[in-house]
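A look at the structure
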Amino acid sequence: MMNPHSCDDAHLAATYEQTPPPDLLALLEEQDDFLLLGHVNPDGDAVGSVLALAHMLRDMGRTVAAAFPSPPPRWWTDMPGADLVQDNPRQAPVVIALDCDGAGRLAGLQPLHAAAQYSVEIDHHSSTDRTSDILYVDPAAGATGILVFRIIEALGRPLTSAIATCIYWAVATDTGFFRFANTSTEVLEICARCAACGADPHSIAHTNVGIRPLPHLILKGRALVGLESYLDGRVLASAIGPEDFVAAGADRTHVEEIIDDIRLAENVDIYVLFKAIDLDNRWEVSLRSSVVNCAQVARDFGGGGHAEAAGFTFDGPLEKGRTRLLDALSKALPDHHHG
Ligand code: AMP
Ligand code: MN
Ligand code: MN
């Protein structure tokens, strides 16, 4: 009897919203020197989609390097392909930005992308500010890792254990381990296929959500203790500043997912976390909501993201930025009576 979950299955039952553009597939087949870049403060999707595509290209015999504008959290060395990542990458003729809501998210690596002979963006954010020669953007996709999976399928390349692990990692983390609104049939089918091909759901979940560095837990505790309600309880917000990072022994990599615990609070429409690591008074903001369009609000403040999860940065003081944001949120909230 045929195993329905065999790694050799040629096709998934799900039909894709969008197949990769032919010019991208041709570029991947024809070029032989690639640099793959993920966004600043890289998350599981950024690292997983970059490394999955890097594995595919290396398996095809191509020269390939990967880089990130700032270091990913410690877990990333558990992902296959750490040897593909370089601290000071050199210019390559083809430079591909993955999981970037516009090339600005490449921060210090943006010049390499801008100077490429062929610049490419592969992404599932909704930004319309795209500067690349070749675009593969599908905001309906649950993760950038999904787009890389579609590329591998379209090229008929094998889903090796290393690639399957990177894609599962990317998709599982971006969907909050299959809890968030972007968890689709396609997400579940692709992850099932990756599990059949060597991804280990238990160990990936354990690494990402089953165990946390102590500084992360202490920092999260400080963020939760500081939660305050605004706009008649419709907004829940907290702030962690330089003193919190020092007290927790934490760095920027320990911030991820604190907002996911804040968004557990019931009867709240919008969740906000303000973060400032250094004494330079530069604040990063995480926004979460299924009631207002976070990406639109964040974009008005020069940031970006998705409808349900977005972010931006501002120069302090905190109180001034918080007042401005609350003002924007009160206008964005439906049925909110002003004055
Ligand atoms: P975070 O709150 O940092 O987990 O980010 C949530 C989403 O918003 C992710 O898709 C980020 O890429 C995006 N995002 C966060 N901060 C910014 C920013 N300053 N500019 C553009 N996009 C951002
Ligand atoms: Mn990301
Ligand atoms: Mn993503």
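Up top you'll find the structure we're talking about.
Quick summary incoming for the structure in this document. All values derive from a computational prediction rather than experimental measurement. (Residues numbered from 1 in each chain as written. Chains lettered and ligands numbered in written order. Predicted model: local features only at pLDDT ≥ 70, side-chain atom pairs only at ≥ 80, totals over all residues. Heavy atoms only, no water.)

Things to note about the pattern of salt bridges
Put simply, the test is: By convention in these notes, a salt bridge is any Lys or Arg side-chain nitrogen within 4 Å of a carboxyl oxygen on Asp or Glu. Only DSSP runs of H or I reaching four residues or more are called helices, and only runs of E reaching two or more are called strands; each is numbered from the N terminus. Working definition: with a 1.4 Å probe on protein chains only, accessible area under 20% of the residue-type maximum means buried, over 50% means exposed, and in between means partly exposed.
All told, the structure shown has 17 salt bridges when counted by the stated rule. One salt bridge connects Asp327 with Lys331, and the closest N-O pair in it is separated by 2.9 Å. Linking Asp327 with Lys331, this pair stays in helix H12 (residues 318-332), spanning 4 residues, or about one helical turn. Relative accessible area serves as the criterion here: at 38%, Asp327 is assigned to the partly exposed category. On the basis of relative accessibility, which here comes to 55%, the residue Lys331 falls in the exposed class. Linked through salt bridges whose partners overlap, the residues forming this network are Glu121, Asp123 and Arg130.

Focus: the coordination of the manganese ion (ligand 2)
Short version of the rule: Counted as donors are N, O and S atoms no farther than 2.8 Å from the metal, or 3.2 Å for Na, K and Ca; water is not among the atoms, and sites may therefore look incomplete.
Binding of the manganese ion (ligand 2) to the protein goes through His39 (NE2), Asp43 (OD), Asp43 (OD) and Asp99 (OD), at separations of 2.1 to 2.6 Å. Taken in sequence order, the residues that donate to the manganese ion (ligand 2) follow the motif H-x3-D-x55-D. Taken as an interatomic distance, the gap from the manganese ion (ligand 2) to the manganese ion (ligand 3) is 3.7 Å; Asp99 donates to each of them. You can see Asp43 sitting in the loop between strand S1 (33-38) and helix H2 (44-59) and its partner Asp99 sitting in the loop between strand S3 (94-98) and helix H3 (110-114), a full 56 residues away along the chain. Here Asp43 falls in the partly exposed class, since its relative accessible area comes to 23%.

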